[in-house]
Amino acid sequence: MIALLMDSLKGLLQERLADVRLPAVNQTVRAAPVVHLGWLPPPSLDAGPEAEAYPYVLLRWSAGQDEEGASLETVRIEVGVYGANAQAGQDVQEVQAYVLNLLARVRLVLRETRRIDGWELTLPMDSLLDEEAACPFGRASIVTTWRTPAPEQPQEEDFYGQDYGQDQQEQG
């Protein structure tokens, strides 16, 4: 069930972010963020650490909890952007604007959707800026919690009937 939630979130975000255009490393054209599950793809040998992945959205399951009647899953959604002008030292605020705009767009998509394949987004959502991201890269994350009703336990079938054995007791 968690895999279905993750796959559905990936499809939703890919579809709804397809029109977002952000600078990409070593490219002259802007690109939509690529949505990944779990981890970013490994970089090629000629790129810096994870640099090829920008811009991206990363979906990462981080925790689960079962309670009476429901299951809760925590999914961390990370966004990463690149600011080409910031790399040249021209505009470091560009990176912050890109990361905040992408973060706001993802939050809007989630608030508008709220239900995905039997899962419901619970509020509040927490958003965090990655203070360790060095310019020209910017990163932030959203911590989401999804709730689904617990599956019902199958009822044991009474193969023999409720009166089975009664006739044995009456004879004794």
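Residues numbered from 1 in each chain as written. Predicted model: local features only at pLDDT ≥ 70, side-chain atom pairs only at ≥ 80, totals over all residues. Heavy atoms only, no water.

## Brief notes about the packing of aromatic side chains
Step number 1: Per the stated rule, a full pass over the model turns up three aromatic pairs.
Step number 2: An angle of 70 degrees between the planes, with centres 5.1 Å apart, marks the rings of Tyr54 and Tyr56 as edge-to-face. Tyr56 shares its class with Tyr54; the two are buried.
Step number 3: Taking the centre distance of 4.5 Å and the plane angle of 40 degrees together, the rings of Tyr54 and Phe137 count as tilted. Within this pair, whereas Tyr54 is found in the loop between β1 (34-37) and β2 (56-67), its partner Phe137 is found in strand β6 (residues 137-149), the two being separated by 83 residues in sequence.
Step number 4: Residue classification places Tyr54 among the buried residues on the basis of a relative accessible area of 4%.
Step number 5: Of the residues examined, Phe137 reaches a relative accessible area of 22% and is grouped as partly exposed.
Step number 6: One aromatic cluster is present, built from ring pairs that chain together Tyr54, Tyr56, Tyr82 and Phe137. (Phe/Tyr/Trp six-rings, centres within 6.5 Å; stacked < 30°, edge-to-face > 60°. Buried < 20%, exposed > 50% of the residue type's maximum accessible area, 1.4 Å probe, protein only. Helix = DSSP H or I, 4+ residues; strand = E, 2+ residues; numbered from the N terminus.)

## Considering the environment of Thr74
Step number 1: Examined against the element boundaries, Thr74 turns out to sit in strand β3 (residues 70-82).
Step number 2: The spatial distance from the C-alpha of Thr74 to the C-alpha of Trp61 is 6.1 Å, given a sequence separation of 13 residues.
Step number 3: In this structure Thr74 touches Arg60, Trp61, Ser62, Ala63, Val143, Thr144 and Thr145, once residues within four positions along its chain are discounted. (Contact = heavy atoms within 4.5 Å.)

## Quick look at the packing of helix α1 (residues 2-16) against helix α3 (residues 93-113)
Step number 1: Packing of α1 against α3 brings their axes to within 11 Å, and their N-to-C directions diverge by 120 degrees. With respect to each other, α1 and α3 are oriented oblique. Where α1 crosses over α3, the handedness of that crossing is right-handed. Contact with α1, carried on its side by Leu9, Leu12, Leu13 and Arg16, involves Arg105, Val106, Val109, Leu110, Glu112 and Thr113 of α3 and no other residues of that element. (Axes fitted to C-alpha atoms, helices over the stretch in contact; angles between N-to-C directions. Parallel < 35°, antiparallel > 145°, perpendicular 65-115°, else oblique. Left-handed = near helix turned anticlockwise from the far one by under 90°.)

## Some words on the pairing of β3
Step number 1: Burial within β3 is extensive, with 12 of its 13 residues counted as buried.
Step number 2: Strand direction decides the pairing type here: β2 and β3, joined by 11 bridges, are antiparallel. The residue bridging Trp61 from the neighbouring strand is Val75, located in β3.
Step number 3: Here β2 folds back onto β3, and the loop between the two strands holds two residues, one of which, Gly69, carries a positive phi near 90 degrees.
Step number 4: Two strands pair when backbone bridges link them, and β3 and β6 are joined in this way by 13 bridges, in the antiparallel orientation. When the bridges of β6 are listed, Ala70 appears paired with Pro149. (Pairing = 2+ DSSP bridges.)

## Let's talk about the pattern of salt bridges
Pairs can form between side chains of opposite charge once their charged atoms are near each other.
Step number 1: A full pass over the atoms with the stated rule returns seven salt bridges.
Step number 2: Each of Arg60, Arg76 and Glu78 takes part in salt bridges that share partners, so that together they form one network. (Salt bridge = Lys/Arg side-chain N within 4 Å of Asp/Glu carboxyl O.)

That's the geometry; what it means functionally is another story.
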